[in-house]
Amino acid sequence: MAILEVKVDTKGLDRLIKKAPLVLGKWISLAFKQHGEVYRTEMNKRFQVGVSGGNKSTGIKIQSRTGALQKSVNYTVLGGATAKGIKNLSLILHVGDANTIRYAETQENGRVIVGNPWLAIPLPPNKTASGKTRIERPSLVRGQKDWLIYRSKKGSLLIGKKLPDGSIENHWVLVRRVKVPPRLGFAKTVRGKKLTDDRIKRVNAAVKRGLKELK
């Protein structure tokens, strides 16, 4: 009886197995960071152009008094690779921090805000060209000369300043409640085709580069 023997030298294979996690982890981590930058770019666009509120475009820009919400748009790469393997390597895309999370949730999901008893909504004369409020709240002008509260002919309750020509420049309208439409678009952006395709493309390319380096 003839006996066929095949001898396999596993030393080279062992070295490859030990090296694989480190190499693959390196390239995948880089892919995650690159995708994180793409995410930041796409989310920042939500603050620069008119965005959707509900089912129709409102043309409203997402803005805050300090810009803190936009600054909180970021990503985190966790985990990494060791000789024993890739451990908990993950990419987290996030927006909102301890100071802005409530505002982020309102902008993402929409919310009805109820006054106690009124909400003061700034009008165009009380806004800068960038959309920031010139005078933060009515209490800052309470009791000052030429400032008054009155009802318009249409029944709106307004706070305005009487001008030298006798006209009134309206700075706020007082309302009982206001509905903030969902307009941040975090989930829509992250799950959208552009970012989904980018994630898949970058991770696939990272694996290919890692395998090529292992040869």
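Going along each chain's sequence as written, the residues are numbered from 1 onward. Local features in this predicted model are restricted to residues of pLDDT 70 or higher, and side-chain atom pairs are both shown and tallied only at a pLDDT of 80 or more, whereas totals for entire chains, interfaces and linings draw on every residue. Each side-chain value is derived from all of the structure's non-hydrogen atoms; neither hydrogens nor water enter the calculation.

Regarding the packing of aromatic side chains
Then step 1. Each Phe, Tyr or Trp ring (for Trp, its six-membered ring) is paired with any other whose centre lies within 6.5 Å, and the angle between the two planes then decides the class: stacked below 30 degrees, edge-to-face above 60, tilted in between. Tallying each qualifying case throughout the model produces two aromatic pairs.
Then step 2. Between Tyr39 and Phe186 the ring centres are 6.2 Å apart and the planes differ by 85 degrees, which places this aromatic pair in the edge-to-face class. You can see Tyr39 sitting in helix 1 (residues 10–44) and its partner Phe186 sitting in helix 4 (residues 186–191), a full 147 residues away along the chain.
Then step 3. Since its relative accessible area comes to 22%, Phe186 is described here as partly exposed.
Then step 4. Between Trp147 and Trp172, the ring centres sit 6.1 Å apart and the planes meet at 45 degrees, which makes this aromatic pair tilted. One end of the pair, Trp147, is in strand 6 (residues 147–151); the other, Trp172, is in strand 8 (residues 168–180), and 25 residues separate them in sequence.
Then step 5. In this scheme, the term charge over a ring applies when either NZ of a lysine or CZ of an arginine sits within 6 Å of the ring centre and within 35 degrees of the ring normal. A cation over an aromatic ring shows up here: Arg176 above the ring of Trp118, its NZ or CZ 3.9 Å from the ring centre. By the criteria applied, helices consist of DSSP H or I runs no shorter than four residues and strands consist of E runs no shorter than two, each listed in order from the N terminus. For the exposure calls, accessible area comes from a 1.4 Å probe over protein chains only, and a residue counts as buried if that area is under 20% of its type's maximum, exposed if over 50%, partly exposed in between.

A closer look at helix 3 (residues 101–109)
Given 3.6 residues per helical turn, the α-helix brings residues three or four places apart onto the same face.
Then step 1. Residues of helix 3 that are buried: Ala104, Thr106, Gln107 and Glu108.
Then step 2. Two residues form a contact once any of their heavy atoms are found within 4.5 Å. Structurally, helix 3 contributes buried residues whose contacts are with helix 2 (68–71), strand 5 (111–122), strand 8 and helix 4.
Then step 3. One or two positions beyond helix 3, positive phi appears at Gly110, with a value near 80 degrees.

Observations regarding the confidence of the model for the protein chain
Then step 1. Chain-level pLDDT for the protein chain is 86 on average; 83% of the residues reach the 70-or-more range.
Then step 2. pLDDT expresses how confident the predictor is about each individual residue, on a scale running from 0 to 100. Every residue in residues 49–60 is under pLDDT 50, and counting partners more than four places away or in other chains gives 22 contacts.

Comments concerning the environment of Gly79
Then step 1. Note that Gly79 resides in strand 3 (residues 74–82).
Then step 2. Classification of Gly79 as exposed rests on a relative accessible area of 52%.
Then step 3. Taking the C-alpha atoms as reference, Gly79 lies 8.9 Å from Ser29; in sequence the two are 50 residues apart.

A word on helix 5 (residues 193–214)
Then step 1. Under the 1.5 Å per step criterion, the end-to-end length of helix 5 is 32 Å for 22 residues, consistent within 8% with the ideal 32 Å.
Then step 2. Of all the positions in helix 5, only Leu195, Asp198, Ala206, Gly210 and Leu214 are classed as buried. Buried positions in helix 5, seen along its axis, are confined to an arc of 130 degrees and lie on one side of it. Turned more than 90 degrees from where helix 5 packs its buried face, Lys193, Lys194, Lys201, Lys208 and Lys212 sit exposed. Any helix carries an expected span of 1.5 Å times its number of residues minus one. Starting at the helix axis, one direction is taken to each C-beta atom, and the arc is that of these directions.

What about the sheet that holds strand 6?
Then step 1. The strand order across the open sheet built from four strands is 5-8-7-6, with neighbouring strands paired in antiparallel fashion. A strand with exactly one partner marks an edge of an open sheet, and here the two such strands are strand 5 and strand 6. Within this sheet the neighbouring strands show an average axis-to-axis angle of 25 degrees, counted without direction.
Then step 2. Taken together, the eight bridges between strand 5 and strand 8 define a ladder with antiparallel strand orientation. When the bridges of strand 8 are listed, Leu119 appears paired with Val175. By this definition, two strands are paired if DSSP reports at least two bridges between them. Think of each axis as a best-fit line through the C-alpha atoms, taken over the contacting stretch in the case of a helix, with angles from 0 to 180 degrees between the N-to-C directions.

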